[in-house]
Amino acid sequence: MNQLALSARIAEASSLRFTPAGLPALDLRLEHESECEEAGQARQVRVELKAVAFGTMAETLAKQAVGSGFRFTGFLATPRNGKHPVLHIQTIQQDTFSKGP
């Protein structure tokens with residue numbers, strides 16, 4: 001199974017673009033901060049993740065302010081000529097608990 005749920009804030013968003021097939025697309029950079037337990041110890045966690053949205057999801061996210069927090073769900077995929085996985089956003093839900101650095 002390839003499914004990811006992440007509470008994060010929009011750290012950066014590109015301009016809305018269109019795929020060769022005419023589908024709206026938006027590239028984003030998401031930031032997450034939290035405290036997790038690992039091996040019985042509390043650990044501060046910070047992660048930055050590239051993300052992409054297509055269709056109406058891209059149009060919706062293009063209207064959101066940088067710094068807005070959401071719960072993003074989707075799947076991870078590595079671009080053809082890339083090294084790092086990218087979150088392909090499928091759903092969002094407003095997250096009032098996300099905070100910036």
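Since this is a predicted model, take the numbers as computed values, not measurements.

Parameters at a glance
Residues numbered from 1 in each chain as written. Predicted model: local features only at pLDDT ≥ 70, side-chain atom pairs only at ≥ 80, totals over all residues. Heavy atoms only, no water. Helix = DSSP H or I, 4+ residues; strand = E, 2+ residues; numbered from the N terminus. Rg over C-alpha atoms; globule rule 2.2 N^0.38 Å. Contact = heavy atoms within 4.5 Å. Lys, Arg positive; Asp, Glu negative; His and termini not counted. Charge placed at Lys NZ, Arg CZ, Asp CG, Glu CD. Salt bridge = Lys/Arg side-chain N within 4 Å of Asp/Glu carboxyl O. Buried < 20%, exposed > 50% of the residue type's maximum accessible area, 1.4 Å probe, protein only. Core = buried A, V, L, I, M, F, W, Y, C linked by side-chain atoms within 4.5 Å. pLDDT = per-residue confidence, 0-100. Polar contact = N/O pair within 3.5 Å; in protein donor to acceptor, adjacent residues only side chain to side chain.

Enquirer: Quick question: what am I supposed to make of the overall build of the protein chain here?
Expert: In terms of helices and strands, the protein chain carries one helix and six strands. A compact globule built from 101 residues would reach a C-alpha radius of gyration of about 13 Å, and the protein chain, at 14 Å, matches this within 12%. With the C-alpha coordinates aligned to their principal axes, the bounding extent of the protein chain is approximately 50 × 30 × 20 Å. When contacts within the protein chain are restricted to residue pairs at least 6 apart in sequence, those whose partners lie at least 24 apart make up 54%. In the protein chain, which carries 11 positive and 10 negative side-chain charges, the distance between the mean positions of the two groups comes to 6 Å.

Enquirer: Before we go on, may I ask you to explain the pattern of salt bridges in this structure?
Expert: For the coordinates displayed, the defined rule picks out nine salt bridges. In this structure, the salt-bridge partner of E12 is R29, at a minimum N-O distance of 3.6 Å. Of the two residues, E12 is situated in strand β1 (residues 4–13) and R29 in strand β3 (residues 24–38); the sequence distance between them amounts to 17 residues. Of the residues examined, R29 reaches a relative accessible area of 23% and is grouped as partly exposed. Note that R46 and E31 form a salt bridge whose closest N and O atoms lie 3.6 Å from each other.

Enquirer: Is there a simple way to think about the environment of E59 in this case?
Expert: Structurally, the position occupied by E59 is in helix α1 (residues 55–62). E59 gets classed as partly exposed once you look at its relative accessible area, which sits at 35%. Measuring from C-alpha to C-alpha, the distance between E59 and L16 comes to 7.4 Å, with 43 residues separating the pair along the chain.

Enquirer: Looking at this structure, how should I read the nonpolar core?
Expert: Generally speaking, nonpolar side chains in soluble globular proteins are found buried as a group. In terms of nonpolar packing, the biggest core is built from 16 residues, with I10, L28, L30, L61, F72, L87 and I89 touching the most fellow members. If you list the elements that add at least two residues to this core, you get β1, β3, β4 (41–54), α1, β5 (69–77) and β6 (86–94). Residues within four places of I10 in sequence aside, it is in contact with L28, R29, L30, L61, Q64, A65, V66, G67, S68, F70 and F72.

Enquirer: Can you help me understand the confidence of the model for the protein chain in this one?
Expert: One rule of thumb: low pLDDT means the predicted coordinates there are not for detailed reading. Taken residue by residue, the protein chain gives an average pLDDT of 93. The fraction at 70 or more is 94%. When the elements of the protein chain are averaged for pLDDT, β6 gives the smallest value, 96, and strand β2 (residues 17–18) the largest, 98.

Enquirer: How do you make sense of the side chain of S68 when you look at a structure like this?
Expert: Position of S68 relative to the elements: it lies in the loop between α1 and β5. A polar contact is formed between the side chain of S68 and the backbone oxygen of A65, at a distance of 2.7 Å. Excluding residues within four positions of it along the chain, S68 makes contact with A8, R9 and I10.

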